[in-house]
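Next come the chains, spelled out residue by residue.
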Amino acid sequence: MTAAAISTVAVLATSAQPALAAYPVTLFPEFGGPWGSNQVQVTWYNRSVGISGWVKDLCCASGGNVTTRACVVAYFGPNATGEGIPVGADSECRTAIDTTRGFSFTINGAPAGGFQSVQVSYYEDRPDESELVAYRTRNRPAA
């Protein structure tokens, strides 16, 4: 076989393989309240979700007594709603004080098929109370 023929066979062999599909990604655009905000992106893996984003605290506007918190809850079922962490879910939170804090983490532990929905909640915490200001829910995109 000539070098040109070997090159042609190599190109045909690699192009005949199917392309691997990328994991779906869902963006939760920026939302929040009077003292800050958050933005989160979810990458849907087989048995986990990758979470990246940021939470921003505008401390000085609040007189310095409010911190902000972004919480992500991954649910085994679709259409997650409400507050708290029900059975069949896992969560993590990140807090910012006087700054914008970036984060990146993975929530593991889903059964076969992966987590089916994610809820992102934005809280404003004061020394004597915690207020759920807003939340958004997104279902896993169809394959």
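For the structure, see preceding data.
The following refers to the structure shown.

What counts and what doesn't
- Residues numbered from 1 in each chain as written.
- Predicted model: local features only at pLDDT ≥ 70, side-chain atom pairs only at ≥ 80, totals over all residues.
- Heavy atoms only, no water.
- Core = buried A, V, L, I, M, F, W, Y, C linked by side-chain atoms within 4.5 Å.
- Buried < 20%, exposed > 50% of the residue type's maximum accessible area, 1.4 Å probe, protein only.
- Helix = DSSP H or I, 4+ residues; strand = E, 2+ residues; numbered from the N terminus.
- Contact = heavy atoms within 4.5 Å.
- Pairing = 2+ DSSP bridges.
- Disulfide = S-S within 2.5 Å.

## Considering the nonpolar core
With 21 residues, the main nonpolar core has Val40, Val42, Val49, Ile51, Val72, Ile107 and Val118 as its most contacted residues. Those elements giving two or more residues to this core turn out to be strand E1 (25–33), strand E2 (36–44), strand E3 (48–57), strand E4 (67–75), strand E6 (100–108) and strand E7 (117–126). The contact partners of Val40, leaving out residues within four places of it in the chain, are Thr26, Leu27, Phe28, Ile51, Ser52, Gly53, Val72, Phe103 and Val120.

## Things to note about the pairing of E7
Of all ten residues in E7, nine are buried, a share of seventy percent or more. Sheet topology note: the E4/E7 ladder contains nine bridges and is antiparallel. Note on E7: the bridge partner recorded for Tyr75 is Ser117. In this sheet, strand E8 (residues 129–139) lies alongside E7 in antiparallel orientation, the contact comprising ten bridges. Residue pairing for E8: Glu124 is matched across the bridge by Glu131.

## Looking at the environment of Gly32
Summarising the element assignment, Gly32 is placed in strand E1. Classification of Gly32 as partly exposed rests on a relative accessible area of 32%. Put simply, Gly32 and Arg69 are 37 residues apart on the chain and 9.8 Å apart in space, counted from C-alpha to C-alpha. Excluding anything up to four places from it in sequence, Gly32 contacts Ser37, Tyr122, Val133 and Ala134.

## Observations concerning the state of the cysteines
This model, assessed by the stated rule, comprises one disulfide. One disulfide in the model links Cys71 with Cys93; its S-S distance is 2.0 Å. The S-S bond linking Cys71 to Cys93 shows a torsion near 110 degrees; that makes this disulfide right-handed. Here the residue Cys71 occupies a position in strand E4, and Cys93 occupies one in strand E5 (residues 89–96), the gap between them amounting to 22 residues.

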